[in-house]
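Understanding the architecture of this molecule
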Amino acid sequence: MVGALARTPPLFSLFIKIPLPLISRNSRCIFGTIIHFPKPKLTPTSMDNFSMDKRLHLCTLALSNDSPSRSASAPLVSNKSRKKARRESPEGVLKHKLDMCSRHGHLVEALRLYDEARSIGLPLSVHHYNVLLYLCSSNGGADDDGVGLKRGFEIFRQMVDDKVVPNEATFTSAARLAAAAEDPEMAFHLVKQMKGLGIPPKLRSYGPALFGFCKKGEADRAYEVDAHMVESKVIAEEPEISALLKVSSDSSKVDKVYEMLHRLRISVRQVSESTSAVVEEWFMSEEAANVGMESWDVEKVREGVVRGGGGWHGQGWLGSGNWRVVRTQMDETGTCSCCGQKLVSIDIDPNETENFATSLSKLASQREVKADFFQFKEWLQEHGPFDAVIDGANVGLINLHNFSFSQLNTLVNRLRQMSPSKRFPLVILHKNRVTGGPAQNPNNKKLLESWQKAGALYATPAGSNDDWYWLYAAVNSKCLLVTNDEMRDHLFQLLGTNFFPRWKEKHQVRMSVSREGLALHMPPPYSIVIQESEDGRWHVPTSTGDDIETPRQWLCATRATTNTK
């Protein structure tokens, strides 16, 4: 323990390195108490001469059953008893109560518990402090007359004095406190300190600084935060890019607006209503009307389109004059009902598909029983490729309370008729669906046997997640995937936010069932993504509507163009 304390000062002394002139006057009095605390004076011991390996070795000996420090007759304590003891200890009880306060947003009660713990000398862990800081940073401000803000800085200072080692959550809450004090500069410095301590910042760590600078209209400082994110390999999402787009528009940074629109195209594709409003505001602005080329090199623009795979050229603003901005829809062919522009289907690099299949297989093998998934890959290699893969559980339950083999069979026959080779699609079902319940019905049994005989049915093993199986089968076969699953949960987030939406758009077939029967909704013949045409028109899809029940809303921005070259 002494050795651990001896390593503490360099970590906490980093707080002293924050240059005070960069901190606003409002927060200087608050942060001053944190920044100028005295370094703890620690007495070096013989343990300081020990290497980390030796210290770990001594700890292992002390805890082992053969250690001379433990009595041979001492009773062994079970893990269950140890957990119960921790849970019922004063620290454990405080943890539970603070967690309940965090769940319900009870800042006042959490502060009362903290004051009570301090009064009796109860030691607080990093978890205790993080919960308190989170509540203070979430509630600090006008809602509580600044109590959360004031107490948050006080608690942060006490954490430093107690030499409790901070983690990413600590710094993020401290950055939020700084943002609440309208000091994004301080929030940014806290993120920089994280990197200095070897703590990888997360996207949420950057939010207070980025949004703070954007709110103040300090575009250049916001770009610095953005560059730091890129350097740290932290990927901005729609809220961050939307904020950068707005501050760029408000600051008349026309090249940055162009850059942010393309970043939205790459990482977001379909924008929310709030981002759509920011985009519309830009196109309606005086700055947007004044920027653009009246003539341009047509061949260079076309080369840019080909190089980018279609749907954009990246050559800058084309055309001149005021923009006409309207909300519109696309017909089945992807033609804009407002300007008549036909959207394109953007190519997917075959190498990207191969890399995606490899990463998908790796992730599935890590989360499934490795032997089970390997066996499935071998089976797929023997029986595939297929023209279509069906998420059997999803299809059999569409608009129904009980699983329907009849509905699933209708789809199987429809897809078989559509197949150029007239072969069966692959049906993925969990083992329980194949052996129990409705599967015991004689007609259903006969149906399952016919699919098995045709090599068109795979039963995923007990305890598995069949999502991995049907997704991998569709990617591996480069074929259609029939499911109404929106594929938005944690499992699919593991696959990233760039390639997966593009793949899904081109391969997912959705279903609807009505009195008229079963209807298939095939992938659109155009890409639902921000598109920049060769003559300077822009089409921005929103997340409003899904092209099935409700037509998707698009933003169409056009203007008179003159091309003399």
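Shown above is the structure to which this text applies.
To keep things clear, this report deals only with the structure shown in the data block. Given the structure is predicted, the values throughout are model-derived calculations rather than measurements.

Within the protein chain, the regular secondary structure consists of 27 helices and ten strands. A buried classification covers 45% of the 565 residues belonging to the protein chain. Long-range contacts, defined here as pairs at least 24 residues apart, represent 70% of the contacts in the protein chain between residues at least 6 apart.

Bringing the packing of aromatic side chains into the picture now. Per the counting criterion, the structure on display carries 21 aromatic pairs. Here F356 and F499 contribute two aromatic rings whose centre-to-centre distance is 4.9 Å and whose plane-to-plane angle is 55°, an arrangement assigned as tilted. Taken together, the residues F356 in helix α19 (residues 350-367) and F499 in helix α27 (residues 499-507) connect sequence positions 143 residues apart. Taken individually, F356 and F499 each receive the classification buried, so the pair is uniform in this respect. Ring-pair connections join several aromatic residues into one group, and the members of that group are F373, F376, W379, F386, Y458, Y469 and Y472.

At the junction of G384 and P385, the peptide bond is cis and its omega measures out at -5° in the coordinates. Located in the positive-phi region is E182, a residue other than glycine, with phi close to 60°. Mapped onto the fold, E182 is located in the loop between α10 (168-180) and α11 (184-196). Its relative accessible area of 49% is what places E182 among the partly exposed residues. Of note, the phi angle at K478 is positive, near 55°, even though the residue is not glycine. Among the secondary structure elements, K478 is positioned in the loop between α25 (466-477) and β5 (480-482).

Direction vectors running N to C along helix α14 (residues 238-250) and helix α15 (residues 254-267) enclose 160°, while the axes themselves pass 9 Å from each other. Compared by their axis directions, α14 and α15 come out roughly antiparallel. By crossing handedness, the relation of α14 to α15 is classed as left-handed. Contacts between α14 and α15 involve E238, I241, L244, L245, S248 and S249 from the first element and K256, V257, M260, L261, R263, L264 and S267 from the second.

This brings us to helix α7 (residues 107-119). For α7, with 13 residues, the first-to-last C-alpha span of 18 Å sits near the 18 Å given by 1.5 Å per residue. Of the residues making up α7, those classed as buried are L107, A110, L111, L113, Y114 and A117. On an axial view of α7, the arc spanned by its buried residues comes to 160°, and they lie on one face. In this structure, α7 carries V108 and S119 as exposed residues pointing more than 90 degrees from its buried face. In the core, the buried residues of α7 are packed alongside α6 (90-104), α8 (126-139) and α9 (147-161). In the segment just after α7, G121 is the residue with positive phi, at about 75°.

Before going further, it helps to examine the sheet that holds strand β8 (residues 531-532). An order of β1-β10-β9-β8 is seen for the four strands of this open sheet, with the pairing classed as antiparallel. The outermost strands of the open sheet, each flanked by one partner alone, are β1 (324-328) and β8. Here five bridges tie β1 to strand β10 (residues 554-558), and the two strands are oriented antiparallel to one another. Bridged to R327 within β10 is L555. Helix α16 (residues 273-283) rests against β1, β9 (538-541) and β10 of the sheet, and its axis sits at about 155° to β1.

In this section: helix α22 (residues 405-418). Compared with the 20 Å implied by 1.5 Å per residue over 14 residues, the 20 Å span of α22 between its first and last C-alpha is a close match. Among the residues making up α22, those that are buried are F405, Q407, L408, L411, V412 and L415. For α22, the arc enclosing every buried residue in end-on projection is 160°, short of the 170-degree limit, so these residues lie on one face. Exposed side of α22, more than 90 degrees from the buried face: S406 and Q417 are the residues found there.

Tallied over the entire structure, the rule returns 27 salt bridges. With a closest N to O distance of 3.1 Å, K95 and D99 form a salt bridge. Within this pair, K95 and its partner D99 are both found in helix α6, separated by four residues, close to a single helical turn. When its relative accessible area of 22% is taken as the criterion, D99 is described as partly exposed.

Adjacent strands of a sheet pair through backbone hydrogen bonds, lying either parallel or antiparallel. With mixed pairing, the six strands of this open sheet are ordered in space as β4-β3-β2-β5-β6-β7. One side of each edge strand has no neighbouring strand; the edge strands of this open sheet are β4 (457-460) and β7 (517-521). This sheet shows a mean twist of 25° between the axes of neighbouring strands, independent of strand direction. Bridge count between β5 and strand β6 (residues 508-514): two bridges; the pairing is parallel. The partner of L481 across the bridge, within β6, is Q508. Where α25 meets the sheet, its contacts fall on β2 (388-391), β3 (426-430), β4 and β5, and the angle it forms with β3 comes to roughly 170°. Relative to the sheet, α27 contacts β5 and β6, its axis offset from that of β6 by approximately 50°.

To continue, consider the pairing of β3. On any regular strand, side chains alternate: one points to one face of the sheet, the next to the other face. Burial runs high along β3: five of the five residues are buried. Judged by which residues are buried, β3 turns out to be covered on both faces: L426, I428 and H430 on one side and V427 and L429 on the other are all buried. As paired strands, β2 and β3 are joined by three bridges and run parallel to one another. Residue pairing across strands places I390 opposite V427, the latter belonging to β3.

A few words on the packing of helix α12 (residues 203-216) against helix α13 (residues 219-231). Look at α12 against α13: their axes get within 8 Å of each other, and the N-to-C directions meet at 165°. By the angle between their directions, the pair α12 and α13 is classed as roughly antiparallel. Taken as a pair, α12 and α13 cross one another with a handedness that is left-handed. Along its contact with α12, which presents L203, Y206, A209, L210, F213 and C214, the element α13 presents R221, A222, V225, H228 and M229. Split by residue class, the contact of α12 with α13 holds nine nonpolar, one polar and one charged.

On to the environment of K504, then. In this structure, K504 sits in helix α27. With relative accessibility at 17%, the residue K504 sits in the buried group. For the pair K504 and L480, spaced 24 residues apart in the sequence, the C-alpha separation amounts to 9.3 Å. Among all residues touching K504, those that are not within four sequence positions of it are E486 and M487.

Rules used throughout
- Residues numbered from 1 in each chain as written.
- Predicted model: local features only at pLDDT ≥ 70, side-chain atom pairs only at ≥ 80, totals over all residues.
- Heavy atoms only, no water.
- Helix = DSSP H or I, 4+ residues; strand = E, 2+ residues; numbered from the N terminus.
- Buried < 20%, exposed > 50% of the residue type's maximum accessible area, 1.4 Å probe, protein only.
- Contact = heavy atoms within 4.5 Å.
- Phe/Tyr/Trp six-rings, centres within 6.5 Å; stacked < 30°, edge-to-face > 60°.
- Axes fitted to C-alpha atoms, helices over the stretch in contact; angles between N-to-C directions.
- Parallel < 35°, antiparallel > 145°, perpendicular 65-115°, else oblique.
- Left-handed = near helix turned anticlockwise from the far one by under 90°.
- Expected span 1.5 Å × (residues − 1).
- Arc of directions from axis to C-beta.
- Pairing = 2+ DSSP bridges.
- Salt bridge = Lys/Arg side-chain N within 4 Å of Asp/Glu carboxyl O.
- Nonpolar A, V, L, I, M, F, W, Y, C, P; charged D, E, K, R; others polar.

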